[in-house]
Amino acid sequence: MDKLVIRGGNPLLGTVRISGAKNAALPCMAAALLTDEPVILENIPQVRDIETTRKLLAAMGAEVELGYGRAHHRTTICAHTLAAPEASYELVKTMRSSTLVLGPLVARCGRARVSLPGGCAIGARPIDLHIKGLERLGAKITQEHGYVEATTDPLKGDRLRGAEVVFDRITVTGTEDLLMAATLADGETVMQNCAREPEVADLAALLNAMGAKIQGAGTSTIRVKGVAKLHGARHRIIPDRIEAGTFIIAGALTGGDVNVAGCDPAHLTAILQKLAETGVKTSVKADSVRVMGDQPLAAADLNTEEYPGFPTDMQAQYMALTTQAAGTSIITENIFENRFMHAQELVRMGANIKIEGRRAIVRGGTPLSAAAVLASDLRASASLVLAALVADGETIIDRVYHLDRGYENIEEKLKGVGAEIRRVGNIFPKRAASPAQ
Ligand code: EPU
């Protein structure tokens, strides 16, 4: 199992180019199941979760072609025939967002069988809201042997039917799952209390390019007029706002000067605002953010919220920053109940952090020293990388496969701006793998 070895102390200087958003690419790949024509997706990041999704779609009978050479961020998916509208436990257990195929499969094939994901490192993460929503659209749902089975009614032409759906709480993939299902339903669907994340709007842009009739994606009310058939389309995935935020913090934390290029600053408002509160200086252009880490960092409290609030996917990285900020920062995690696994590892590196339920109290300004640490999930890994960049000595981060799920070429990108980082093979005894996110 790979590890990352990072020697801290170098200020990061130069330009980093941001990849396509993993969390937009995943639903867009699932959307290709809604048509028998090819869907061409550009700016797909080369990360492990995309490879898992490729396997998932291929197992159902879809043809998934990955681009090569200069076109290596392009993926063409043709779900001409779907022999097996199923997502097996083997794949769902490694990637929870596999459940995104539930809506498109039942809408297109009239039936779907998808493994229920278990709990994961950051919380329980049930999919009851996806299921309730599909029931509102007329799907019959049964649960047996760890699988959810959804079917449509043959007496109603095997189609879902439009309905009013109010989500009990805001869910990103739940909104996406239902949005996809509603595109092929008979009649109009009105979805309320929807997630407003840019990734939902990006999915809707693809679906509309495929012939769907969606209005309001990116707001909390989405209206979908169902159509009988969708067609192929070409679509470019939006830049990854979480990768951009991670590199902005890397620049600030190391006292560097980094141009984070190819991002969409409009998606980073809450992150940039919070960083400004801590004293981080940035300058924003149309598609880049330059971060100048020449000011001392000051503590600032943080609450994670649904978009447009501060994203939970940046909480761990922000915590790494506050360990070096003067004063006490209180970080409240409102989205997931167990997303502080990185805190104990940061403490092992010299941070002063106390966890009280959903709150982390970070007393900043303590120097960090290198240690052997364990990555527990994707964003926790990113926070350990950030801490390692300013720690004294050589930090060894184990279980980097978590990082590989969502950050494209992170060590090349960091090396490009002056970090001392290398990947090595197995230098620890093997331990049991942790559950999927
Ligand atoms: N929830 C329910 N029932 C449901 C669905 C969600 O109770 O049926 C709860 C969850 O347990 C959680 C909250 O609602 O407490 C919000 O979860 P949400 O459904 O929004 O999360 P998700 O769709 O499973 C996506 C991202 C996550 C990101 C969250 C929150 C993808 C593929 N994943 O997950 O990304 O943290 O939204 O923004 O889009 C990551 O990239 O590292 C990652 C974990």
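Each value, and the rule that gives it
- Residues numbered from 1 in each chain as written.
- Predicted model: local features only at pLDDT ≥ 70, side-chain atom pairs only at ≥ 80, totals over all residues.
- Heavy atoms only, no water.
- Helix = DSSP H or I, 4+ residues; strand = E, 2+ residues; numbered from the N terminus.
- Rg over C-alpha atoms; globule rule 2.2 N^0.38 Å.
- Contact = heavy atoms within 4.5 Å.
- Areas by Shrake-Rupley, 256 points an atom, 1.4 Å probe, with all protein chains shown as cover.
- Lys, Arg positive; Asp, Glu negative; His and termini not counted.
- Charge placed at Lys NZ, Arg CZ, Asp CG, Glu CD.
- Pairing = 2+ DSSP bridges.
- Near = heavy atom within 4 Å.
- Polar contact = N/O pair within 3.5 Å; in protein donor to acceptor, adjacent residues only side chain to side chain.
- 1 Å grid on protein atoms, 1.4 Å probe; cavity = no way out; pocket = protein on both sides within 12 Å on 5 of 7 lines; lining within 4 Å.
- Sits in = over half its atoms within 2 Å of the grid points.
- Nonpolar A, V, L, I, M, F, W, Y, C, P; charged D, E, K, R; others polar.
- Domains from an automatic or database assignment.
- Salt bridge = Lys/Arg side-chain N within 4 Å of Asp/Glu carboxyl O.
- Buried < 20%, exposed > 50% of the residue type's maximum accessible area, 1.4 Å probe, protein only.
- Points joined across faces, edges and corners; volume = space filled by probe spheres on them.
- Buried area = accessible area lost by both parts, 1.4 Å probe.

### Quick word on the overall build of the protein chain
Thought 1: In terms of regular secondary structure, the protein chain is built from 14 helices and 24 strands.
Thought 2: Computed over its C-alpha atoms, the radius of gyration of the protein chain comes to 22 Å, within 12% of the 22 Å expected for a compact globule of 437 residues.
Thought 3: Here the contacts in the protein chain between residues at least 6 apart in sequence split such that 74% fall between residues at least 24 apart.
Thought 4: Accessible surface, the protein chain as shown: approximately 16900 Å² in total, 49% of it carbon and sulfur.
Thought 5: A gap of 1 Å separates the mean positions of the 49 positive and 49 negative side-chain charges of the protein chain.

### Topic: the pairing of strand 9 (residues 147-151)
Thought 1: In this structure, strand 7 (residues 111-115) lies alongside strand 9, joined through 5 bridges in antiparallel fashion. Note that in strand 9 the partner of Ser-115 across the bridge is Tyr-147.
Thought 2: Direction of pairing for strand 8 (residues 140-144) relative to strand 9: antiparallel, over a ladder of 5 bridges. Pairing of Gln-143 across the sheet is with Val-148, part of strand 9.
Thought 3: Remark: 2 residues form the turn of the hairpin made by strand 8 and strand 9, two consecutive strands paired antiparallel; His-145 in that turn has positive phi of roughly 50 degrees.

### What to know about the site of the ligand
Thought 1: Around the ligand, the structure places 21 residues, and the nearest of them are Leu-129, Thr-171, Thr-173, Asp-313 and Ile-335.
Thought 2: In this structure, an oxygen atom belonging to the ligand sits 3.1 Å away from a side-chain N or O atom of Lys-22.
Thought 3: Within the backbone of Pro-126, one N or O atom sits 3.2 Å away from an oxygen atom of the ligand.
Thought 4: In this structure the site holding the ligand corresponds to the largest pocket.
Thought 5: Elements that contribute at least two residues to the shell around the ligand include exactly helix 1 (22-31), helix 5 (128-136), helix 6 (172-183) and helix 12 (378-390).
Thought 6: The greatest single-element share of the shell around the ligand, amounting to 3 residues, is contributed by helix 5.
Thought 7: Split into classes, the residues belonging to the shell around the ligand amount to 8 nonpolar, 6 polar and 7 charged.
Thought 8: Two domains share the shell around the ligand, each providing at least three of its residues, namely domain 1 (3-18 + 239-424) and domain 2 (22-236).

### Some points on the side chain of Thr-171
Thought 1: With respect to the secondary-structure elements, Thr-171 resides in the loop between strand 10 (164-166) and helix 6.
Thought 2: What Thr-171 contacts, discounting residues up to four positions off in sequence, is Leu-129, His-130 and Ala-195.

### A short note on the pattern of salt bridges
Thought 1: Taken as a whole, this structure holds 26 salt bridges when the rule is applied.
Thought 2: As a salt-bridge pair, Glu-51 and Arg-54 come within 2.9 Å of each other at their nearest N and O atoms. On the criterion of helical spacing, the pair formed by Glu-51 and Arg-54 is a turn pair, its members being 3 residues apart in helix 2 (residues 48-60).
Thought 3: For Arg-54, a relative accessible area of 23% gives the class partly exposed.

### Description of unusual backbone geometry
Thought 1: The peptide bond linking Tyr-307 to Pro-308 adopts the cis configuration, its omega dihedral lying at 10 degrees.
Thought 2: Although it is not a glycine, Asn-43 adopts a positive phi angle of roughly 65 degrees.
Thought 3: With respect to the helices and strands, Asn-43 occurs in the loop between strand 3 (39-42) and helix 2.
Thought 4: At Asn-193, a position not held by glycine, the phi torsion is positive, near 60 degrees.
Thought 5: For Asn-193, the location among the structural elements is in the loop between strand 11 (188-192) and helix 7 (198-209).

### Comments concerning the environment of His-73
Thought 1: Mapped onto the fold, His-73 is located in the loop between strand 4 (63-66) and strand 5 (75-78).
Thought 2: Between the C-alpha atoms of His-73 and Glu-42, which are 31 residues apart in sequence, the distance is 6.0 Å.

### Examining the layout of surface pockets
Thought 1: By volume, the largest pocket amounts to about 1000 Å³.
Thought 2: In terms of lining residues, the largest pocket is bounded by 43 residues, among which Arg-125, Val-172, Thr-173, Ile-335 and Phe-336 are the most central.
Thought 3: Contributions of two or more residues to the lining of the largest pocket are made by helix 1, helix 5, helix 6 and helix 12.
Thought 4: For the lining of the largest pocket, the element with the highest residue contribution is helix 1, accounting for 4 residues.
Thought 5: Across the lining of the largest pocket, the residue classes tally to 16 nonpolar, 9 polar and 18 charged.

### Some remarks on helix 5
Thought 1: Residues of helix 5 that are buried include every one of Leu-129, His-130, Ile-131, Gly-133 and Leu-134, and no others.
Thought 2: In this fold, the buried residues of helix 5 make contact with helix 4 (102-109), strand 8, strand 9, strand 10 and helix 6.
Thought 3: Gly-138 sits one or two residues past helix 5 and shows a positive phi near 95 degrees.

### Here's the deal with the domain arrangement of the protein chain
Accessible area lost upon the coming together of the parts is a frequently used measure of interface size.
Thought 1: Split by domain assignment, the protein chain resolves into domain 1 (3-18 + 239-424) and domain 2 (22-236).
Thought 2: When each unit is reduced to the centre of its C-alpha atoms, the spacing between domain 1 and domain 2 is 31 Å.
Thought 3: Across the domain 1 to domain 2 interface the summed buried area is about 1900 Å²; carbon plus sulfur atoms make up 47%.
Thought 4: Taken together, domain 1 and domain 2 are joined by 2 salt bridges.
Thought 5: For the salt bridge of Arg-405 with Asp-49, the shortest nitrogen-to-oxygen distance reads 2.9 Å.
Thought 6: For the pair domain 1 and domain 2, the interface holds 7 residue pairs in polar contact (both at pLDDT 80 or more).
Thought 7: When its residues are assigned to classes, the side of domain 1 that touches domain 2 shows 9 nonpolar, 5 polar and 11 charged.

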